[in-house]
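Remarks on the overall topology
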Amino acid sequence: MNLAERRLELGIALVIVVLDQITKAMVRPALALHESVEVIPGFLDLTRVHNTGAAFGMLNAAEFPFKTVVVSLVALVALGGVAWYAASVPIADRLARIGVAGVLGGAIGNLIDRSTAGYVLDFVDAYWNGWHFWAFNVADAAITVGVIFMIFDILGLGERFKGNAATNN
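Worth saying up front: this structure is predicted, and the values here are computed from it rather than measured.

A short note on the environment of Thr116
Mapped onto the elements of the fold, Thr116 is located in helix α3 (residues 94–117). Of the polar contacts made by the side chain of Thr116, one reaches the backbone oxygen of Ile112; its length is 2.6 Å.

Here you go:
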C-alpha cells in the first residue's frame, strides 16, 4: 500500500481526530460532569457525560479490575482491524474509503480519551418528547456517518464516485 494513494483517508481521519479533540477540550472546562446547557429547546443540549464502557454506554455500569485497560485494548484491536480493512479497500471505491476514514478517525479520537482519561467524553444530547438518544461526540458522529457511507457503497451507491478516482485522491 502506498501512503500517497491513501492521502484522502489519512486527511479525513486526521481532521476528525483534531476536531474531536478540540471540541472535547472546549467542553471539559465549560461543563461539570452531568451539567447541561440547552442549545435547541426540546431537541438538543450539551451535557457532559463520561462513558467508561463501550459503544452506546455498554459496560458503563460494569466494574471489574483493569476495566480501562481491557476496554482500551479491545478498542485498539478493533482499530487495528479497521486499519487493516482500510488498506484493502480499492482506490476506486471512494465512498467506502471516505466511510472507513470516518470510522478510523472516530475510533482514534475515542481511543485517545479512553487511554488518557479512562473514559470517553460525550456531550451531545439529542432528545425528543422525553426520549434521549445516547450522548455522543464528534468521534461517534464520524463513526456513524462512516458506517453509513460504507453501507451505501455496499448497496452500490458508490458506483457514481468511481471511475477516475485513482487520480483524484
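Some words on the sheet that holds strand β1 (residues 36–40)
An order of β1-β2-β3-β4 is seen for the four strands of this open sheet, with the pairing classed as antiparallel. Two strands bound the open sheet, and with one partner strand each, they are β1 and β4 (131–132). Judged from the six bridges that link them, strand β2 (residues 44–51) and strand β3 (residues 120–128) form a sheet pairing that is antiparallel. Across the sheet, the residue bridging to Leu44 is Ala126, located in β3.

Thoughts on the pairing of β2
As paired elements, β1 and β2 share four bridges and run antiparallel to each other. When the bridges of β2 are listed, Glu38 appears paired with Asp45. Taken together, β1 and the strand that follows it, β2, pair antiparallel across an intervening segment of three residues, in which Gly42 is found at a positive phi of about 75°.

Concerning the pattern of salt bridges
Overall, the coordinates contain five salt bridges when judged by the stated rule. For Lys24, the salt bridge goes to Asp20, with nearest N and O atoms at 2.7 Å. With Lys24 and Asp20 both in helix α1 (residues 7–30) and four residues apart, the pair spans about one turn of that helix. Take Lys24 and Asp20: they sit in the same class, and that class is buried. Salt bridges sharing partners connect three or more residues here, namely Asp20, Lys24, Arg28 and Asp113.

Quick look at the environment of Phe136
Inspection of the secondary structure puts Phe136 in the loop between β4 and α4 (138–154). Remark: the alpha-carbon pair of Phe136 and Val120, spanning 16 residues in sequence, is separated by 9.3 Å.

Considering the packing of α1 against α3
At a minimum axis separation of 8 Å, α1 and α3 run at an interaxial angle of 35°. Crossing angle aside, the handedness with which α1 passes α3 is right-handed. Taking contact as the criterion, the partners of Leu8, Glu9, Ile12, Ala13, Ile16, Val17, Asp20, Gln21, Lys24 and Arg28 in α1 are, on α3, Arg94, Arg97, Ile98, Ala101, Gly102, Gly105, Gly106, Ile108, Gly109, Asn110, Ile112 and Asp113. Grouping the constituent residues of the contact of α1 with α3 by class yields nine nonpolar, six polar and seven charged.

Here's the deal with the environment of Gly146
On the secondary structure map, Gly146 appears in helix α4. Between the alpha carbons of Gly146 and Leu104 there is a distance of 8.7 Å; along the sequence they are 42 residues apart. Leave out the neighbours within four places in its chain, and Gly146 touches Gly99 and Val103.

What counts, and at which threshold
Residues numbered from 1 in each chain as written. Predicted model: local features only at pLDDT ≥ 70, side-chain atom pairs only at ≥ 80, totals over all residues. Heavy atoms only, no water. Helix = DSSP H or I, 4+ residues; strand = E, 2+ residues; numbered from the N terminus. Polar contact = N/O pair within 3.5 Å; in protein donor to acceptor, adjacent residues only side chain to side chain. Pairing = 2+ DSSP bridges. Salt bridge = Lys/Arg side-chain N within 4 Å of Asp/Glu carboxyl O. Buried < 20%, exposed > 50% of the residue type's maximum accessible area, 1.4 Å probe, protein only. Axes fitted to C-alpha atoms, helices over the stretch in contact; angles between N-to-C directions. Left-handed = near helix turned anticlockwise from the far one by under 90°. Contact = heavy atoms within 4.5 Å. Nonpolar A, V, L, I, M, F, W, Y, C, P; charged D, E, K, R; others polar.

So far we have only geometry, and geometry alone does not tell us how the molecule works.
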